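Structural features, examined
Residue strings, one per chain:
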Amino acid sequence: MISAKVWMQSDWIRLRFNCSLALLALCCGASAQTTLSAADASELAQMSLDDLLRVEVLSASRYAQPLADSPSSVTVIDQQELRSHSYRNLAEALSTVPGLYVSNDRNYSYLGVRGFSRPGDYNSRILLLTDGARRNDALYDQAHIGNEAPIEIDWVKRLEFVSGPASAVYGANALFGIVNAVMFDGGDINGTRLTADAGSGASRRLGLLAGRRVDAEHDWFFALAASGARGNDLYFPEFDNTGGNGWAHGLDGEDYQKAYGKFRFGNWRLSASLSSRDKNLPNAPYLTAFGEPGTHTVDQHALIELAYAGPQANGWQQQFRVFNGSYRYNGDYIYAGQIDNRDTGRANWAGADYRLIVTTLPAHKLMLGVETQWNTLLEQRNFDVSPAASYLDSNHPSNTYGLFAQDEWRLSRHWLMNLGVRYDKHSDYAAIMSPRAALIYQPSEGSSLKMTIGSAYRAPNAYERFYDDGGVLQKANPALLPERIRSAELAANFRVGQGGRFGVSFYRNDVRDMIDQVLDPVDGLLVFSNQSRVQTRGIELDAEKRWAGGYRLRASLSRQWSSAFDGSELGNSPNLLGKLVVGMPLVAGWTVAAEWQGMSGRRSLAGRVPGFGVLNLTLTSVRLAGLGELTLGIHNVGNREYLDPTSSAFTQDALAQDGRQLRLRWTLPL
């Protein structure tokens, strides 16, 4: 296990990061190349959409396959877009994907998928992967995608989002989709790059990427990032009657430090990451004292993984990995009278998986696998620091194992069948079977029709079952049962002209025994309980076009309907989503990229929040000889006021989001 000693004090972490940055800069030397050479950038800009459609995706089936052959709808955000739009984190990039939307409560970012984003759900119905490795923690099952994520978007070569259930190959959490961040290899860098950022809210960030392909057998990549921000002064009308007249001054600060490394030697890959994020909470959650400093949360991740991908020999290929992970959460909550309540979570886990891919049978690609994970520490505590009082001290270790099989069957030149099933056993629950079937028709090279049905599950996590704050706001429910989802989707994709594509998708999701946080009328406490049935259905239209010279356009429109077990509309579920993502060159080598996102009104806990549209803009300079590159990002160009619904943790029914935000980035090859 990773010892708790790994988690040092934040000052010590900052010192180590600063020393490491300086040391790497000196060691790498000024002769190293930049992350992406001018020739590489030109090649990406000229790449046709037809070429991009042949790009292999890794996450849909747990092995590389062309987009057209994947058993799910997959959106790929390539390296060119990630760089030209200068997204600040995973959440910003994912918000441009058809059918996805992001909410934020000034602590975490929450991903809504096709009309589903429940208050109190910490992204536990989304599976986050890095290079195929699970990154959801074992205690809250949370997929961190904002600044709290264990990785930086700058370290990502390609971002994949797989829509729909995928428990047939991944097990728990893969209910509504999978986010897979394909990380840089050293050969993608072949040099060193330093980035320095400054922006609104007195934010600043320093990042370093370094990597090299040594030879055909050896490759290394290393990255560091450290960031700090004072944050914005925020106004909350719900607290107008306080001494601060509703203003929270200097209480929105955030600091994080992150490190990631990957070393490939032959068929083996060793990777590790370490991160710590400290976020001040300005909006007085959980009835804390408004306007008082000291209420903040700390999220810390560690993961080390050793993976092996053997060569294909006589139609057989073996893949396996072993991993060890750790997550630490600390929350300090200041109440009236300077009462300091501390909430902590600790999780340690280890596991392994093995996959055998067989292609000896004509027209078949068969994958067999086994996966297990031991959650050796799932500790939750809640107590007052002074005067000392304990309300919760629990630890409920668990373990899981799963067996899965998938067959990719080429029926004919135009027809492909993908069948998968997985058997999962959680130590506290009965075994669960999760099937998936996809029939794919490919009448031509540029068109495809996919019909997919599947089922997925999620066992309740330790937080949902056992958290109890001593009767203040929330109580435990150890009898909570797993939730299930059944999904059906019909998706079509067509090539339109040279470099153009159009897609349409119809889907329906039915959730039973949905785990939801509700108010118990008997005692007035919040509790997680199983609801009977929830349904979402909708249609998505998306199109993409690329022109010679680096012009790009991507657009989508989603119409969705949702209903709870009593027939009412789901909360935080917009009926309409619109996205427009563009990029184009300007004069003298400069480029501009923009994304516009629109959303209809949503139901909140006590009412509704109005719809909105937000425009973001990024301007990138030509590479200046010896002086690097400048990027200016403007978030919410029109300074639009808009709101996100909140959970029951807040006095506010909705929280205002950031107005216009500026960020200036300087990128220097060392």
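Residues numbered from 1 in each chain as written. Predicted model: local features only at pLDDT ≥ 70, side-chain atom pairs only at ≥ 80, totals over all residues. Heavy atoms only, no water.

Attention now goes to the packing of aromatic side chains. Inspection of every chain in the model, using the stated rule, returns 23 aromatic pairs. When the ring of Tyr-122 is compared with that of Tyr-463, the centres are 5.9 Å apart and the planes differ by 75°; the resulting orientation is edge-to-face. Taken together, the positions of Tyr-122 in the loop between strand E5 (109–113) and strand E6 (126–130) and Tyr-463 in helix H8 (residues 462–466) put the pair 341 residues apart, joining distant regions of the chain. The same class applies to Tyr-122 and to Tyr-463, which are both buried. By way of ring pairs, the aromatic residues Tyr-108, Tyr-110, Tyr-122, Tyr-140, Tyr-327, Tyr-329, Tyr-463, Tyr-467 and Phe-528 are connected into one cluster. Across the ring face of Tyr-507, the terminal group of Arg-114 is positioned such that the distance to the ring centre comes to 4.3 Å. Sitting above the plane of the Tyr-256 ring, Lys-258 keeps its charged end 4.5 Å from the centroid. (Phe/Tyr/Trp six-rings, centres within 6.5 Å; stacked < 30°, edge-to-face > 60°. Helix = DSSP H or I, 4+ residues; strand = E, 2+ residues; numbered from the N terminus. Buried < 20%, exposed > 50% of the residue type's maximum accessible area, 1.4 Å probe, protein only. Lys NZ or Arg CZ within 6 Å of the ring centre and 35° of its normal.)

Turning next to the pattern of salt bridges. This structure, assessed with the given rule, holds 50 salt bridges. Lys-157 is the salt-bridge partner of Asp-185, the closest N and O atoms lying 3.7 Å from each other. Placement of Asp-185 in the loop between strand E9 (177–183) and helix H7 (186–189) and of Lys-157 in strand E8 (residues 156–163) is noted, with a sequence separation of 28 residues between them. Residue Glu-371 is joined to Arg-321 by a salt bridge in which the shortest nitrogen-to-oxygen separation is 3.9 Å. Taken together, the residues Glu-371 in strand E20 (residues 364–384) and Arg-321 in strand E18 (residues 316–335) connect sequence positions 50 residues apart. The same class applies to Glu-371 and to Arg-321, which are both buried. Connected through shared salt-bridge partners, Arg-62, Arg-269, Glu-305, Arg-321, Asp-353, Arg-355, Glu-371, Arg-422 and Asp-424 make up one network. (Salt bridge = Lys/Arg side-chain N within 4 Å of Asp/Glu carboxyl O.)

Tracing the sequence through the fold places Ala-389 in strand E21 (residues 389–395). The class for Ala-389 is partly exposed, based on a relative accessible area of 28%. A sequence separation of 48 residues divides Ala-389 from Asn-341, and the C-alpha atoms of the two residues are 9.1 Å apart. Sequence-distant contacts of Ala-389, defined by excluding residues within four places in its chain, comprise Phe-383 and Asp-384. (Contact = heavy atoms within 4.5 Å.)

Let us now look at the pairing of E6. For E6, the tally of buried residues reaches five of five residues, placing the bulk of the element in the interior. Neither face of E6 is open: one carries Ile-126, Leu-128 and Thr-130, the other Leu-127 and Leu-129, and all of them are buried. In this structure, E6 lies alongside E9, joined through five bridges in parallel fashion. Bridge pairing in E9 places Leu-127 opposite Ile-178. (Pairing = 2+ DSSP bridges.)

With respect to the helices and strands, Lys-579 occurs in strand E30 (residues 576–585). There is no salt bridge for the buried Lys-579, and the closest opposite charge comes from Glu-540, which lies 8.3 Å off by N-O distance. Among the polar contacts made by the side chain of Lys-579, one reaches the main-chain carbonyl oxygen of Leu-100 at a distance of 2.7 Å. What Lys-579 contacts, discounting residues up to four positions off in sequence, is Ser-95, Thr-96, Val-97, Gly-99, Leu-100, Arg-554, Ala-555, Ser-556, Trp-596 and Gln-597. (Lys, Arg positive; Asp, Glu negative; His and termini not counted. Polar contact = N/O pair within 3.5 Å; in protein donor to acceptor, adjacent residues only side chain to side chain.)

Another aspect to go through is the environment of Thr-591. Looking at where Thr-591 falls in the secondary structure, it is placed in strand E31 (residues 591–599). Counting along the chain gives 28 residues from Thr-591 to Leu-619, while the straight-line C-alpha distance between them is 5.9 Å. With sequence-adjacent residues up to four places away left out, Thr-591 is seen in contact with Met-584, Pro-585, Leu-586, Thr-618, Leu-619 and Thr-620.

With that out of the way, let us pick up the nonpolar core. If you look at the biggest cluster of nonpolar residues, it comprises 43 residues, and the most contacted ones within it are Leu-90, Leu-111, Trp-155, Val-156 and Leu-159. Only helix H5 (90–94), E5, E6, E8, E9, strand E12 (218–229) and strand E27 (500–519) provide two or more residues apiece to this core. Here this core gets four residues from one element, more than from any other, and that element is H5. With residues near it in sequence (within four places) discarded, Leu-159 still touches Thr-75, Val-76, Ile-77, Leu-82, Leu-90, Ala-93, Leu-94, Val-179, Asn-180 and Ala-181. Among the nonpolar cores identified, the runner-up in size contains 23 residues, and Ala-138, Tyr-327, Tyr-333 and Leu-480 belong to it. (Core = buried A, V, L, I, M, F, W, Y, C linked by side-chain atoms within 4.5 Å.)

In this section: the sheet that holds strand E7 (residues 133–134). Neighbouring strands of a sheet are bound in pairs by backbone hydrogen bonds; such pairs are parallel or else antiparallel. Strand order across the open sheet formed by five strands is E3-E8-E9-E6-E7, with mixed pairing between neighbours. Only two strands of the sheet have a single neighbouring strand rather than two, namely strand E3 (74–77) and E7.

Taken residue by residue, a regular strand's side chains alternate between the two faces of the sheet. Across nine bridges, strand E10 (residues 191–199) lies against strand E11 (residues 203–213) in antiparallel orientation. Pairing of Arg-193 across the sheet is with Leu-209, part of E11. With antiparallel pairing between neighbouring strands as the criterion, E10 and E11 make up a hairpin whose turn holds three residues, including Gly-201 at a positive phi of roughly 70°. Bridge count for E10 against strand E38 (residues 661–669) is seven bridges, and the pairing is antiparallel. Bridging from a neighbouring strand, Ala-198 pairs with Leu-664 of E38.

For the rest of this paragraph, the subject is the side chain of Asn-283. Within the secondary structure layout, Asn-283 lies in the loop between strand E16 (268–280) and strand E17 (296–309). On the accessibility criterion, Asn-283 (1% relative accessible area) is buried. Of note is the side chain of Asn-283, whose polar atom sits 3.0 Å from the backbone oxygen of Asp-105. Discounting chain neighbours no more than four positions away, the residues touching Asn-283 are Asp-105, Arg-106, Phe-236, Phe-239, Phe-650, Gln-652 and Leu-655.

Nothing here speaks to function; it is geometry throughout.
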